[in-house]
Amino acid sequence: MLERLRAIDERIADAARASGRELSDITRIVVTKFHPPELIRELYRLGVRDVGENRQQEYSAKTEALADLVDLNWHFIGQIQSKKAKAVRASATLVHSVDRERVADALDRAEGDSPLDVLVQINLTDDLGRGGVAPDDIEALATHIAGLSRLQLRGVMAVAPLDEPPASAFARLHEYRARVQRVVPGATWMSAGMTTDFAEAIAAGATHLRIGSAITGPRPVHG
Ligand SMILES: *Cc1c(COP(=O)(O)O)cnc(C)c1O
């Protein structure tokens, strides 16, 4: 895994250089979903301090099993059920996937350290069933979050659609971030870029990359 990690970090550095970006403005999150806690421990030994999970139950089990890794930053990148907001709030450094008012309200109300950093997840596809707020509703959601005292809106997050070149999708995301910043000027972060499209995401201004299989290897089949 060390070799894969190093190879990806080199490609991140190359992409940053090519787009005139500072490497220090880019956080590489290793997405560890479906992998056992031991894999996260190994990543930690290799120096990784940011990991991402997208399923609530799995997330809670892992944060509990790895509670001794006190300086490990947990990123929650999946769907949030309002009822389970407390478990997410209790341990997440950054929640990437706030896509509706109800989720924002539940996170705001949940016990935990204050404030909690969040991103607005934006749907870049035409499929309304996908995760993320529709582009037309970005300002309304950002305004709502800005009014919550225990959440800090930091920026935007998205997954590139499968049927479109990632560069054009991420260019839209860049504009959507500017729209969020008209509501919350400090919301400068952009979480974008996975195994196959992180270079394009860096070129478009991504500050948080969510890279899974290129670093961890293939995910175990989930039963
Ligand atoms: C799984 C996942 C990733 C990582 O995907 P890879 O293709 O393995 O890099 C990134 N973001 C989200 C939201 C995911 O669910």
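This text follows the structure it describes.
**Quick look at the overall build of the protein**
So, step 1. Looking only at helices and strands, the protein has 9 helices and 8 strands in total.
So, step 2. Taken over C-alpha atoms, the radius of gyration comes to 17 Å for the protein, in line with the 17 Å a tight globule of 223 residues would show.
So, step 3. Seen along its three principal axes, the alpha-carbon backbone of the protein occupies a region of about 45 × 40 × 35 Å.
So, step 4. Out of the 223 residues belonging to the protein, those deemed buried represent 49%.
So, step 5. Taking as baseline every contact in the protein between residues at least 6 positions apart, the subset at least 24 positions apart corresponds to 60%.

**Observations concerning the site of the ligand**
So, step 1. In the vicinity of the ligand, the residues found are V31, K33, N54, I77, M194, T195, R210, I211, G212, S213 and R219.
So, step 2. Interatomic distance of 2.5 Å between a side-chain N/O atom of T195 and an oxygen atom of the ligand.
So, step 3. Protein contacts shield 88% of the accessible area of the ligand, which totals 400 Å² for the unbound molecule.

**Quick notes on the side chain of E53**
So, step 1. Mapping E53 onto the fold places it in strand β2 (residues 50–53).
So, step 2. The exposure class of E53 is buried, given its relative accessible area of 0%.
So, step 3. Of note is the side chain of E53, whose polar atom sits 2.6 Å from the side chain of T32.

**Observations concerning the nonpolar core**
So, step 1. Judged by nonpolar contacts, the single largest core of 65 residues is most densely connected at V95, L107, V118, I122, I145, L153 and L173.
So, step 2. Each residue touching V118, except ones within four places of it in the same chain, is listed here: L94, V95, V98, L107, I145, L151, Q152, L153, R154 and G155.
So, step 3. Within the second largest apolar cluster, 5 residues are counted, among which are V31, I77, L119 and M157.

**Describing the pattern of salt bridges**
So, step 1. Scanning the entire structure with this criterion turns up 12 salt bridges.
So, step 2. Across the pair R154 and D117 runs a salt bridge, and its minimum N-O distance is 2.9 Å. Taken as a pair, R154 in strand β6 (residues 151–157) and D117 in strand β5 (residues 116–121) lie far apart in primary sequence, 37 residues in all.
So, step 3. Three or more residues are tied together by salt bridges with common partners; here these are E53, R55, E58 and K62.

Rules used throughout
- Residues numbered from 1 in each chain as written.
- Predicted model: local features only at pLDDT ≥ 70, side-chain atom pairs only at ≥ 80, totals over all residues.
- Heavy atoms only, no water.
- Helix = DSSP H or I, 4+ residues; strand = E, 2+ residues; numbered from the N terminus.
- Rg over C-alpha atoms; globule rule 2.2 N^0.38 Å.
- Buried < 20%, exposed > 50% of the residue type's maximum accessible area, 1.4 Å probe, protein only.
- Contact = heavy atoms within 4.5 Å.
- Near = heavy atom within 4 Å.
- Polar contact = N/O pair within 3.5 Å; in protein donor to acceptor, adjacent residues only side chain to side chain.
- Areas by Shrake-Rupley, 256 points an atom, 1.4 Å probe, with all protein chains shown as cover.
- Core = buried A, V, L, I, M, F, W, Y, C linked by side-chain atoms within 4.5 Å.
- Salt bridge = Lys/Arg side-chain N within 4 Å of Asp/Glu carboxyl O.

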